[in-house]
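Survey of secondary and tertiary structure
Chain by chain, the residues:
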Amino acid sequence: MRFATYTAQGQSFYGAVTDSGMITLNDSFPQWPTLFDAMAAQGIGQLIAAAKDKPITHHDFTYDMVMPNARRILCVGVNFPERNAEYKDGSEQPKFMSLFPRFASGFTGHDRPLIRPPESHQLDYEGEVAIVIGKPGRRITQANAYDHIAALTICNEGTIRDWVRHAKFNVTQGKNWDNSASMGPWLVPFTDPAQIDDARIITRVNGEIRQDDVLSRMMHPIRREIEYISTFMTLQPGDIIVTGTPTGSGARLDPPQYLKPGDVVEVEVNGIGTLRNTVEDEAQ
């Protein structure tokens, strides 16, 4: 079962994804006008049950960012061993994880273009797995961490590289350009630890593999991420944690290879799917 936010006939919907089309669920849950509202209400089980008995409602549609009104998106940076080495600063594996916020306005949907702004042509890709929290919690133990995950999705955490270096202690301004990243195509309910423990991220640019790694190699595994983040903030249903990208981003190649108009970026994660985007310059 997969759930997505999409546009059809000029209107926004959310529903279940099938190989033949979309099954809208908005009309079944008027109390949840968006997919985020359904996740925030811990309603994923009800979505699954409702979708089983409904016919396809839309064959012609466009994917949106999976939860366009998500309120809190927290990203984990430099979370694979080679990613730490890429910085060439001689530092050891960090004891604590790097974190930064992203906002929903920075994301577009599957099969939509990432937008390169006129202020910088250093648009880069970062393929990642994102988790959606489904159960609230504070000071969650690693042993219980997976109990708080409702769903999984894919993120291309697009970054404007030179803008992340504008200040000494933050990367926020390089991480939040409108439509510079993508998330989707859909949410997959989380039902088995193997969905994370055995997950493999492959990022391709124009068919060329640039990133290829497995989540089991992360320096700060997802159980630890949930434990650490929930120490200082109460995690709420609908919160998104973007868990970290492998080595191989364009900035770290020699010479650097940033995204340009016409490029096609695909992030594939087994058990979830493939998130695909083109690249366009911002219209002036």
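In short, a report on the structure. (Residues numbered from 1 in each chain as written. Predicted model: local features only at pLDDT ≥ 70, side-chain atom pairs only at ≥ 80, totals over all residues. Heavy atoms only, no water.)

**Focus: the overall build of the protein chain**
Let me state the cut-off plainly: In this description a helix means any DSSP run of H or I spanning at least four residues, a strand means any run of E spanning at least two, and both kinds are numbered starting from the N terminus. The buried label goes to any residue with under 20% of its type's maximum accessible area, the exposed label to any with over 50%, and the partly exposed label to all in between, with areas taken from a 1.4 Å probe on protein chains only. Here, two residues are considered to be in contact whenever any of their heavy atoms come within 4.5 Å of each other. Computed with the Shrake-Rupley method and a 1.4 Å probe, the accessible areas treat only the protein chains shown as cover for residues. Neither His nor the chain termini are counted; the positive set is Lys and Arg, and the negative set is Asp and Glu. Note on charges: their place is set at NZ of Lys, CZ of Arg, CG of Asp or CD of Glu.
Counting secondary structure elements, the protein chain contains 5 helices and 18 strands. The dimensions of the protein chain, computed from C-alpha atoms along their principal axes, are 55 × 45 × 30 Å. Every one of the 284 residues in the protein chain was classed for burial, and the buried ones make up 53%. Sequence separation of 24 or more characterises 75% of the internal contacts of the protein chain that already satisfy a separation of 6 or more. Accessible surface computed for the protein chain: about 12300 Å², of which carbon and sulfur atoms make up 49%. A distance of 5 Å separates the average location of the 27 positive side-chain charges in the protein chain from that of its 35 negative side-chain charges.

**Focus: the packing of aromatic side chains**
Rules: Paired rings are identified among Phe, Tyr and Trp, the last through its six-membered ring, by centres lying within 6.5 Å, and are further divided according to the angle between planes into stacked (under 30 degrees), edge-to-face (over 60) and tilted (the rest). Placement of a positive charge over a ring is assigned whenever Lys NZ or Arg CZ falls within 6 Å of the ring centre and within 35 degrees of the normal to the ring plane.
This structure, assessed with the given rule, holds 9 aromatic pairs. Their ring planes at 85° and their centres at 5.5 Å tell us that Y146 and F190 sit as a pair that is edge-to-face. Residue Y146 is located in the loop between β10 (127–133) and β11 (149–156), and its partner F190 is located in the loop between β13 (181–189) and α4 (194–197); the two are separated by 44 residues in the primary sequence. The burial state of Y146 is the same as that of F190; both residues are buried. Pairing Y228 with F232 gives two aromatic rings, centres 6.2 Å apart and planes at 75°, and the pair type is edge-to-face. A residue pair is termed a helical-turn pair when its members lie 3 or 4 positions apart in one helix, as Y228 and F232 do in helix α5 (residues 222–232) at 4 residues. A relative accessible area of 46% means that F232 is categorised as partly exposed. An aromatic cluster is present here, built from Y6, F13, F61, Y63 and W186 joined pairwise through their rings. Just above the ring of W186 sits the side chain of R2; from NZ or CZ to the centre is 4.5 Å. Above the ring of F107, the side-chain terminus of R102 is found at 4.7 Å from the ring centroid.

**Some remarks on the sheet that holds strand β18 (residues 273–281)**
Sheets are built from strands paired through backbone hydrogen bonds, the pairs being either parallel or antiparallel. Cut-off, in case you're wondering: Paired strands are those between which DSSP finds at least two bridges. Geometry is summarised by axes, namely lines fitted to C-alpha atoms with helices restricted to the contacting stretch, and by angles between N-to-C directions that run from 0 to 180 degrees.
Spatially, β8-β18-β17-β14-β15 is the arrangement adopted by the 5 strands of the open sheet, whose pairing is mixed. At either end of the open sheet lies a strand with only one pairing partner, and these are β8 (113–116) and β15 (208–214). On average, adjacent strands in this sheet sit at an angle of 20° to one another, irrespective of strand direction. Pairing geometry for strand β14 (residues 200–205) and strand β17 (residues 264–269), over 5 bridges, is antiparallel. Along β17, the bridge assignment pairs I201 with V269.

**A closer look at α5**
Quick reminder of the rule: Directions are taken from the helix axis to each C-beta atom, and the arc is the one they span.
Listed in full, the buried residues belonging to α5 are I222, E225, I226, I229 and S230. Buried positions in α5, seen along its axis, are confined to an arc of 115° and lie on one side of it. Turning to α5, the residues buried within the fold contact β5 (73–77), β6 (98–102), β10, β11, α4 and β16 (240–242).

**Some words on the pattern of salt bridges**
Selection rule: Salt bridges are counted wherever a side-chain nitrogen of Lys or Arg sits within 4 Å of a carboxyl oxygen of Asp or Glu.
Counted by the stated rule, this structure contains 18 salt bridges. E208 serves as the salt-bridge partner of R210, at 3.3 Å between the closest nitrogen and oxygen.

**Brief notes about the nonpolar core**
Test applied: Here the nonpolar core consists of buried residues drawn from Ala, Val, Leu, Ile, Met, Phe, Trp, Tyr and Cys, with membership extended through side-chain atoms lying within 4.5 Å.
Residues I131, I149, I196, I222 and I226 are the most contacted members of the largest nonpolar core, which totals 38 residues. Of all the secondary-structure elements, those providing two or more residues to this core are β1 (3–8), β2 (11–17), β5, β10, β11, β13, α5 and β17. Ignoring sequence-local partners within four residues, the contact set of I222 consists of I131, Y146, I149, I196, L215 and T243.

**A few points about unusual backbone geometry**
G184 connects to P185 through a cis peptide bond whose omega is -5°. Take P185: it is sitting in strand β13. A cis amide bond, omega 0°, links D254 with the succeeding residue P255. Residue placement: P255 occurs in the loop between β16 and β17. Of note in the backbone geometry, Q9 takes a positive phi value of approximately 55° without being a glycine. Mapped onto the elements, Q9 comes out in the loop between β1 and β2. Take Q9: its relative accessible area is 73%, and that puts it in the exposed class.

**Quick look at the pairing of β5**
A large share of β5 lies buried, amounting to 5 of its 5 residues. With burial as the criterion, each face of β5 is covered, one bearing I73, C75 and G77 and the other bearing L74 and V76. Where β5 meets β6, 5 bridges bridge the pair, whose relative direction is antiparallel. Within β6, the position partnered with V76 by the bridge is L99.

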